[in-house]
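Geometric and topological summary
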Amino acid sequence: MKKYILSTIAILISLGTASAQDQKQLESKFDSFISSENIGKTIKELTVKPHYLGSPASKEVAENLMAKFKSYGWDAELEVYKVLFPTPKVRILEMTAPTKFKALLKEPAYKEDATSGHPDQLPTYNAWSADGDVSAELVFVNFGLPEDYETLEKLGIDVKGKIVIARYGRSWRGIKPKVAQEHGAIGCLIYSDPMEDGYFQGDVYPKGSFKNEHGVQRGSIMDMVIYPGDPLTPFIGATENAKRLKKEDAENLLKIPVLPISYHDAQPLLQALGGPVAPPDWRGALPFTYHIGPGKTSVRLKVEFDWKLVPAYNVIAKIKGSVYPDQWIIRGNHHDGWNTGANDPISGIAAMMEEAKAIGELVKNGYKPKRTLVYCAWDAEEPGLIGSTEWVEDHATELKQKAVVYINSDGNGRGFLSAAGSHGLESMVDGIAKDVIDPQTNVSVFERLKARDIVNSGSDKSRKDNMAKKSMSIGALGSGSDYSAFLQHAGIPSLNIYYGGENAGGEYHTAYDSYDYYSRFGDPGFSYGRALSQTIGRAVLRMANANTLPFEFKNLHKTISTYVTEMISMTDQMRESTLVFNQVVQGNNHKLADDPTKPIKVPVAKVEVPFIDFSSLQNSLVQLDQSANSLSENLSKGTIAKSALEDINKALYRAEQSLLTEQGLPRRPWYKHTLYAPGFYTGYGVKTMPGVREAIEQRDWKEAQQQINIAANAIGRLAEHLKATSMMAK
């Protein structure tokens, strides 16, 4: 009984309505239509052959999904965009000195994996590499991050005019060639080291789940932190007649050739390197001493691409709302893969299609959603979030008026609930997490997640804090999936939801991301596919049916306050560490302490960190606190006039747009959200309050102060917006 009461309270909070019992019955009926077995069948059906952007199978998959939507009772259509997508014509990698070696650049087929040898596979490559034929000395740059180049500088190693080899990990792949290009490298190789992604982690495929010596992670290296989508049509939809840039003018395309390779192909190159021994934290798990180079080891890298315009097929399905047809609940998952893509993306889209089928059954039985449901199967996500970005850019004006929320998924697997996104929706997610049952432990997915956090706590204090935790927190969104254009460009409240953590392996973007792999290691029995359908299905149904939309901005205020406190603390710590660092440098300590037989460049003193004025941000947070509390109080009274309800709901879902800045972030105006963006040097990884935080990290104090004031103005706009909404609800 206690569990039932808590569940009902969670639905009441989520719905903002007294019809919690009806909603609970609706969700129970929805669950009865969700089948793990059917999700598995859908995954198998959609992974028979490679279905990457521009392939015949991509259109087949899109048409298959459209037909399924129609059979479920949805209105469905294809929206087609014409986008740039390069595939390789030539790939050559060879060591020319001190010995000869030609890289295999191929993943072998295995009898245990029926599709691993499919003739229509995309070869191993990085999309958006420049064409090039370059020969040079090779330099190992660890993970290829800015701090790795700082280490190289200390060692007196310059990569200008060299080809670099970096290992996957610690950042999104596109950052590695970007930083290499910034430092003058003329080519970049990226390999998977068995330390992070291979036999060091466990048995390799096909015996186990981890990457074997021939596995290669394909993927985009588009500089998506500048802008995602079709490189030739930033800010506008890539329609047939859209005005397009010249390829050489696209700011998010790199200028050097790049190629991913297996650790089988990387081993002879790395083993031949001379130069200094790599520092301890640069060493991987290959069976030799890691050196950095340069020196005797030279390589030739040649890649050439076709640079074609191809059709991208978005599937858009709708069920019209019965009360608020111009308020849209949007749900999406991409359908294109690098090859068969069982985990990424088909595990997610199979769950989404099961939701659509269940909702269709509810409608056949008399259910009428109050708001319009829009389910989207995106094409061209893998090369750079292209399908979703073009759709958002094409429909931006309408979406800013009508889009209540965008809920995204992508790959999915066995394990724990993960949710990130707009913090005004945190309370709703918390309520859902307490209602959905984990298929392995038979407790709520919230309880299981909480237990993991308690066990994995790094200190007694954090363990006590996690034990006392009563609600689920959601993370912030960077990039890497189709929510980006919705949230960070258009200001539409967004969520990204998936399960995982117990499905570790090395199949990502390889030929082995197959049904055979996924059914063994990803989600055996497909029960977490069902859990994903139940989780996001509840979010869709609660948003669709709520009398008052379940936004709670007190959580957002708390989250922003945490960000500001972090940045103040970070600045204070930088000031102190800079002071101590300069004292060490000025005391000649490095020269005296370093090994004279291993000369290292002595660091120079840094510019001192000034005191920055955060008061405008702090004052805007006081305003936000007051308006968020006032709004919450007035909404909780339940006395809103029916005539005011539509306008109040519009104000609630459009509140996120107050956090956009017209000029966008410094040096990347496509990104307009002042709270969430992918980091300039992290890629997928989020930078919260990115304008301010990255200026501080780059020690650009003038820009930091400017961005503080811009963010303060955005938070102030949100506070005024919520204040006006509160008055409407009074």
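That block above? That's the structure.
Residues numbered from 1 in each chain as written. Predicted model: local features only at pLDDT ≥ 70, side-chain atom pairs only at ≥ 80, totals over all residues. Heavy atoms only, no water.

**Points about unusual backbone geometry**
A cis amide bond, omega 5°, links Ala97 with the succeeding residue Pro98. If you trace the backbone, Pro98 turns up in the loop between strand S2 (88-97) and strand S3 (101-102). One non-glycine residue, Asn142, lies in positive phi territory at about 60°. Its location among the elements puts Asn142 in the loop between strand S5 (132-140) and helix H5 (146-154). (Helix = DSSP H or I, 4+ residues; strand = E, 2+ residues; numbered from the N terminus.)

**Brief notes about the packing of aromatic side chains**
Summed over all chains, the structure comprises 29 aromatic pairs. Taking 5.2 Å as the distance between ring centres and 55° as the angle between the ring planes, the aromatic pair formed by Tyr205 and Tyr517 counts as tilted. Linking Tyr205 in the loop between helix H7 (194-197) and strand S8 (219-220) with Tyr517 in helix H16 (residues 515-522), this pair joins segments that are 312 residues apart in sequence. Overall, the relative accessible area of 3% leaves Tyr205 in the buried class. By relative accessible area, Tyr517 is classed as buried at 2%. A connected cluster of aromatic rings, assembled from ring pairs, spans Phe85, Tyr125, Trp128, Phe305, Trp307 and Trp338. Cation over ring: Lys178 sits above Tyr681, and NZ or CZ is 5.2 Å from the ring centre. It is Arg448 that lies over the ring of Phe416; its NZ or CZ is 4.3 Å from the centre. (Phe/Tyr/Trp six-rings, centres within 6.5 Å; stacked < 30°, edge-to-face > 60°. Buried < 20%, exposed > 50% of the residue type's maximum accessible area, 1.4 Å probe, protein only. Lys NZ or Arg CZ within 6 Å of the ring centre and 35° of its normal.)

**As for the packing of helix H9 (residues 342-364) against helix H17 (residues 527-545)**
Close contact between H9 and H17 brings their axes to 9 Å; oriented N to C, the two are set at 55°. Viewed along their axes, H9 and H17 adopt a mutual orientation that is oblique. For the element pair H9 and H17, the recorded crossing hand is right-handed. In this structure, H9 contributes Gly348, Ala351, Glu354, Glu355, Ile359 and Leu362 to the contact, and H17 contributes Gly529, Leu532, Ser533, Ile536, Gly537, Val540 and Leu541. Partitioning the contact of H9 with H17 into residue classes produces 7 nonpolar, 4 polar and 2 charged. (Axes fitted to C-alpha atoms, helices over the stretch in contact; angles between N-to-C directions. Parallel < 35°, antiparallel > 145°, perpendicular 65-115°, else oblique. Left-handed = near helix turned anticlockwise from the far one by under 90°. Contact = heavy atoms within 4.5 Å. Nonpolar A, V, L, I, M, F, W, Y, C, P; charged D, E, K, R; others polar.)

**Things to note about the pairing of strand S6 (residues 163-167)**
One face of the sheet, then the other: side chains in a regular strand alternate in exactly this way. Counting buried positions along S6 yields 5 of 5 residues, so the element is predominantly enclosed. The two faces of S6 match: Ile163, Ile165 and Arg167 on one face and Val164 and Ala166 on the other face are all buried. Note that S5 and S6 share 3 bridges and pair parallel. When the bridges of S6 are listed, Phe140 appears paired with Ile165. (Pairing = 2+ DSSP bridges.)

**Let's talk about the nonpolar core**
If you look at the biggest cluster of nonpolar residues, it comprises 213 residues, and the most contacted ones within it are Phe69, Trp74, Tyr191, Leu270, Ile330, Leu617 and Met689. Ala511, Tyr512, Tyr517 and Phe521 belong to the second largest nonpolar core, which has 5 residues in total. (Core = buried A, V, L, I, M, F, W, Y, C linked by side-chain atoms within 4.5 Å.)

**Considering the side chain of His557**
Its location among the elements puts His557 in helix H18 (residues 553-586). Setting aside residues up to four positions removed in sequence, His557 forms contacts with Leu621, Leu624 and Asp625.

**Considerations on the side chain of Lys402**
Relative to the helices and strands, Lys402 is located in helix H11 (residues 396-402). Of the residues examined, Lys402 reaches a relative accessible area of 19% and is grouped as buried. Setting aside residues up to four positions removed in sequence, Lys402 forms contacts with Asp326, Gln327, Trp328 and Tyr653.

**Thoughts on the pattern of salt bridges**
Here the idea is simple: oppositely charged side chains can pair when their charged atoms come close. Taken as a whole and assessed by the stated rule, the structure comprises 38 salt bridges. The residue Glu137 makes a salt bridge to Lys162 at a minimum N-O spacing of 3.9 Å. Within this pair, whereas Glu137 is found in strand S5, its partner Lys162 is found in the loop between H5 and S6, the two being separated by 25 residues in sequence. Residue classification places Glu137 among the partly exposed residues on the basis of a relative accessible area of 29%. The salt bridge involving Lys687 is made with Glu697; its shortest N-O contact spans 2.8 Å. Here the residue Lys687 occupies a position in strand S18 (residues 686-688), and Glu697 occupies one in helix H22 (residues 690-697), the gap between them amounting to 10 residues. On the basis of relative accessibility, which here comes to 14%, the residue Lys687 falls in the buried class. Since its relative accessible area comes to 33%, Glu697 is described here as partly exposed. (Salt bridge = Lys/Arg side-chain N within 4 Å of Asp/Glu carboxyl O.)

**A few points about the layout of surface pockets**
In this structure, the largest pocket encloses a volume near 1,300 Å³. When residues of the lining of the largest pocket are traced back to their parent elements, those giving at least two are H7, H9, strand S15 (415-421) and strand S16 (494-501). The dominant element in the lining of the largest pocket, judged by the number of residues it contributes, is S16, at 6 residues. Considering only enclosed or pocket space, the second largest pocket measures out at about 920 Å³ in volume. The wall of the second largest pocket is formed by 23 residues, among which Pro146, Glu147, Glu150, Lys606 and Glu697 lie closest to the centre. When contributions to the lining of the second largest pocket are tallied by element, the ones reaching two or more residues are H5 and H22. Broken down by element, the lining of the second largest pocket gets its largest block of residues, 6 residues, from H5. (1 Å grid on protein atoms, 1.4 Å probe; cavity = no way out; pocket = protein on both sides within 12 Å on 5 of 7 lines; lining within 4 Å. Points joined across faces, edges and corners; volume = space filled by probe spheres on them.)

**Points about a nonpolar patch on the surface**
On the surface, Leu579, Val580 and Val584 cluster together into a nonpolar patch covering about 200 Å² of accessible area. You can see Val580 is positioned in helix H18. Residue Val580 is classed as partly exposed on the basis of its relative accessible area of 38%. (Patch = residues over 30% accessible without salt bridge, like charges linked within 9 Å, V, L, I, M, F, W, Y side chains within 5 Å. Areas by Shrake-Rupley, 256 points an atom, 1.4 Å probe, with all protein chains shown as cover.)

**Let's talk about the pairing of S16**
Most of S16 is tucked away: 6 of the 8 residues are buried. The pairing of S15 with S16 spans 7 bridges and is classified as antiparallel. The residue bridging Ala419 from the neighbouring strand is Ile497, located in S16.

**Brief notes about empty space enclosed by the protein**
Taken as a whole and judged by the stated rule, the model has 4 cavities of 30 Å³ or more. Volume-wise, the largest cavity comes out at about 60 Å³. Within the lining of the largest cavity, the residues separate by chemical class into 8 nonpolar, 2 polar and 1 charged.

**Some remarks on the sheet that holds S16**
Through backbone hydrogen bonds, the strands of a sheet pair up, either in parallel or in antiparallel fashion. Here we have 7 strands laid out as an open sheet, ordered S1-S11-S13-S12-S14-S16-S15, and mixed in their pairing. Only two strands of the sheet have a single partner each, and these edge strands are strand S1 (75-85) and S15. Across the sheet, the axes of successive neighbouring strands diverge by a mean angle of 20°, strand direction being ignored. Relative to strand S14 (residues 403-408), strand S12 (residues 324-334) runs parallel, the two sharing 5 bridges. Directly across from Ile329, in S14, lies its bridge partner Val405. Sheet strands in contact with H17 are S12, strand S13 (371-378), S14, S15 and S16, and its direction is about 160° off that of S16.

**So, the environment of Gly413**
Along the chain, the position of Gly413 falls in the loop between S14 and S15. Along the backbone, Gly413 and Asn503 are 90 residues apart, and their C-alpha atoms lie at a distance of 5.9 Å.

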